[in-house]
Amino acid sequence: MPRLFIEPDQIQEHQVVIGGDDAHYLLHVLRLTVGDNFQIVVPNGNECTAIIVKTRPQSVLAEIVEKHARNTEPTVQLTLYQAMLKGKNFPLVIEKAVELGVAAIVPLRTHRTVIRLSGHRAAQRQRHWQKIARQAAQQSERMTLPSVREPIDFSQALSEWQSDGSPGILFSARAAVDADCSLRRVLKELGSSRHLSIFIGPEGGFTAQEAESAITAGLQEVNLGPRIMRAETAAIAACAICMYELEQLDPVDVK
Ligand code: SAH
């Protein structure tokens with residue numbers, strides 16, 4: 001069944017108004033009509049069934065008929081601080097990270113970041129990335145919409161992370177492959193932590209100076225083994241491993 005994230009102002013009483021791309025999708029791609037059902041995720045994170053009561057060429061009015069009791073959100077809030085990547089790799093990371101359950105993605109400008117975005121273009125790109133996150137969240141049946149922020153500098157990210165107080169990991173291809181930098185060990189030590197921030201570098205990696213300032217700020221430097229991955233591979237692998245290790249699944253949900 002199609003599934004849409006709804007903004008607070010789309011709901012009036014028990015009805016929801018769908019316009020824009022979502023209306024186009026329901027009416028002209030899926031060809032739904034009066035009496036057809038679809039799912040909505042409302043701002044408090046509840047999932048409901050809505051039934052179409054009226055259609056216009058560019059909008060749909062639907063009645064909210066049933067609230068579902070389920071939650072697909074992970075028990076851990078994972079924030080991915082990801083250096084911006086060239087071409088299709090950044091959208092790829094956003095899509096996969098959202099499917100894997102991240103709560104937020106913060107695009108970073110680092111010393112070796114190739115793409116340079118600021119001002120109007122950064123804001124425009126952020127809206128595009130947020131759209132990708134929205135589609136991925138709808139597709140993977142998330143109950144909340146992960147945010148993709150506007151790009152910030154690495155140094156700003158470090159101070160934000162420090163004030164946020166969550167544990168943090170800097171993934172570095174140059175970190176020693178030894179017990180000190182073992183992801184397995186670091187994640188075991190985090191145990192039942194509810195928040196984690198992870199940092200992944202650009203195509204050329206973090207500079208030694210960046211790694212040093214990250215460690216000084218309190219991030220733990222870890223590696224993903226002796227093979228050097230492309231940044232997008234490392235990001236997806238890091239999200240999957242952290243989620244696997246930290247998410248507490250209810251025993252009845254484990255098949
Ligand atoms: N030539 C670069 C490689 C960068 S790989 C260098 O020598 O550092 C791009 C990013 O992917 C890195 O900044 C890191 O965050 C991540 N990465 C790639 N392979 C990794 C590994 N084996 N362990 C940890 N992080 C890795």
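Residues numbered from 1 in each chain as written. Predicted model: local features only at pLDDT ≥ 70, side-chain atom pairs only at ≥ 80, totals over all residues. Heavy atoms only, no water.

## Regarding the sheet that holds strand β4 (residues 37-41)
Spatially, the six strands line up as an open sheet ordered β1-β4-β5-β6-β3-β2, and their pairing is mixed. A strand with exactly one partner marks an edge of an open sheet, and here the two such strands are β1 (3-5) and β2 (11-12). Relative to strand β6 (residues 59-68), strand β5 (residues 47-56) runs antiparallel, the two being bridged by nine bridges. Within the sheet, the bridge partner assigned to Cys48 lies in β6 and is Lys67. (Pairing = 2+ DSSP bridges. Helix = DSSP H or I, 4+ residues; strand = E, 2+ residues; numbered from the N terminus.)

## Some points on the pattern of salt bridges
Evaluated as defined, the whole model comprises twelve salt bridges. A salt bridge links Arg134 to Asp22, with the shortest nitrogen-to-oxygen separation between them at 3.7 Å. Of this pair, Arg134 sits in helix α3 (residues 119-139) while Asp22 sits in helix α1 (residues 20-29); the two residues are 112 residues apart in sequence, bridging distant segments of the chain. The residues Arg134 and Asp22 share a single accessibility class, namely buried. Ionic pairing is found between Asp153 and Arg109, a salt bridge with its closest N-O pair at 2.7 Å. Of this pair, Asp153 sits in strand β10 (residues 152-153) while Arg109 sits in strand β8 (residues 104-109); the two residues are 44 residues apart in sequence, bridging distant segments of the chain. Looking at Asp153, the relative accessible area reads 35%, which means it is partly exposed. Shared partners join several salt bridges into a network, and the residues in it are Arg3, Glu47, Arg70 and Glu141. (Salt bridge = Lys/Arg side-chain N within 4 Å of Asp/Glu carboxyl O. Buried < 20%, exposed > 50% of the residue type's maximum accessible area, 1.4 Å probe, protein only.)

## Brief notes about the nonpolar core
In this structure, Leu80, Ile94, Ile169, Phe171, Leu196 and Ile198 are the most contacted members of the largest nonpolar core, which totals 41 residues. If you list the elements that add at least two residues to this core, you get β7 (77-83), α2 (89-100), α3, β11 (168-171), α5 (183-190), β12 (195-200) and α7 (231-246). The element best represented in this core is α7, accounting for eight residues. Excluding residues within four positions of it along the chain, Ile169 makes contact with Leu183, Val186, Leu187, Leu196, Ser197, Ile198, Phe199, Leu219, Gln220 and Val222. Listed in part, the 17 residues of the second largest apolar core include Ile6, Ala23, Ala50 and Ile52. (Core = buried A, V, L, I, M, F, W, Y, C linked by side-chain atoms within 4.5 Å. Contact = heavy atoms within 4.5 Å.)

## Brief notes about the domain arrangement of the protein
Per the domain assignment, the segments of the protein are domain 1 (3-68) and domain 2 (77-246). When each unit is reduced to the centre of its C-alpha atoms, the spacing between domain 1 and domain 2 is 33 Å. In this complex, domain 1 contributes nine residues to the contact, which on the side of domain 2 involves nine residues. Where domain 1 abuts domain 2, roughly 800 Å² becomes buried across the two surfaces, and 48% of that area is made up of carbon and sulfur atoms. The three residues of domain 1 that bury the most area against domain 2 are Arg3, Phe5 and Gly45, which together make up 68% of that side's buried surface. Taken together, the links from domain 1 to domain 2 amount to three salt bridges. Linking Glu7 and Arg134 is a salt bridge whose minimum nitrogen-to-oxygen distance equals 3.6 Å. Listed by contribution, the elements that provide at least two residues to the side of domain 1 that touches domain 2 are β1 and α1. In terms of residues, the side of domain 1 that touches domain 2 owes the most to one element, β1, which gives three residues. (Domains from an automatic or database assignment. Buried area = accessible area lost by both parts, 1.4 Å probe.)

## Some words on the environment of Leu219
You can see Leu219 is positioned in the loop between α6 (208-217) and β13 (220-222). Under the relative-accessibility criterion, Leu219 is labelled buried at 4%. Put simply, Leu219 and Ala69 are 150 residues apart on the chain and 38 Å apart in space, counted from C-alpha to C-alpha. Once residues lying within four places of it in the same chain are set aside, the contact partners of Leu219 are Leu158, Trp161, Gly168, Ile169, Leu170, Phe199 and Ala214.

## What to know about the packing of aromatic side chains
Taken as a whole and judged by the stated rule, the model has four aromatic pairs. Between the aromatic rings of Phe154 and Phe199, the centroid separation amounts to 6.2 Å while the plane-to-plane angle is 90 degrees, which identifies the pairing as edge-to-face. Pair noted here: Phe154 is in helix α4 (residues 154-164) and Phe199 is in strand β12, with a separation of 45 residues, a long-range link. Pair check on accessibility: Phe154 and Phe199 agree, each one buried. Among the aromatic residues, ring-to-ring pairing joins Tyr81, Phe154, Phe199 and Phe206 into one connected group. (Phe/Tyr/Trp six-rings, centres within 6.5 Å; stacked < 30°, edge-to-face > 60°.)

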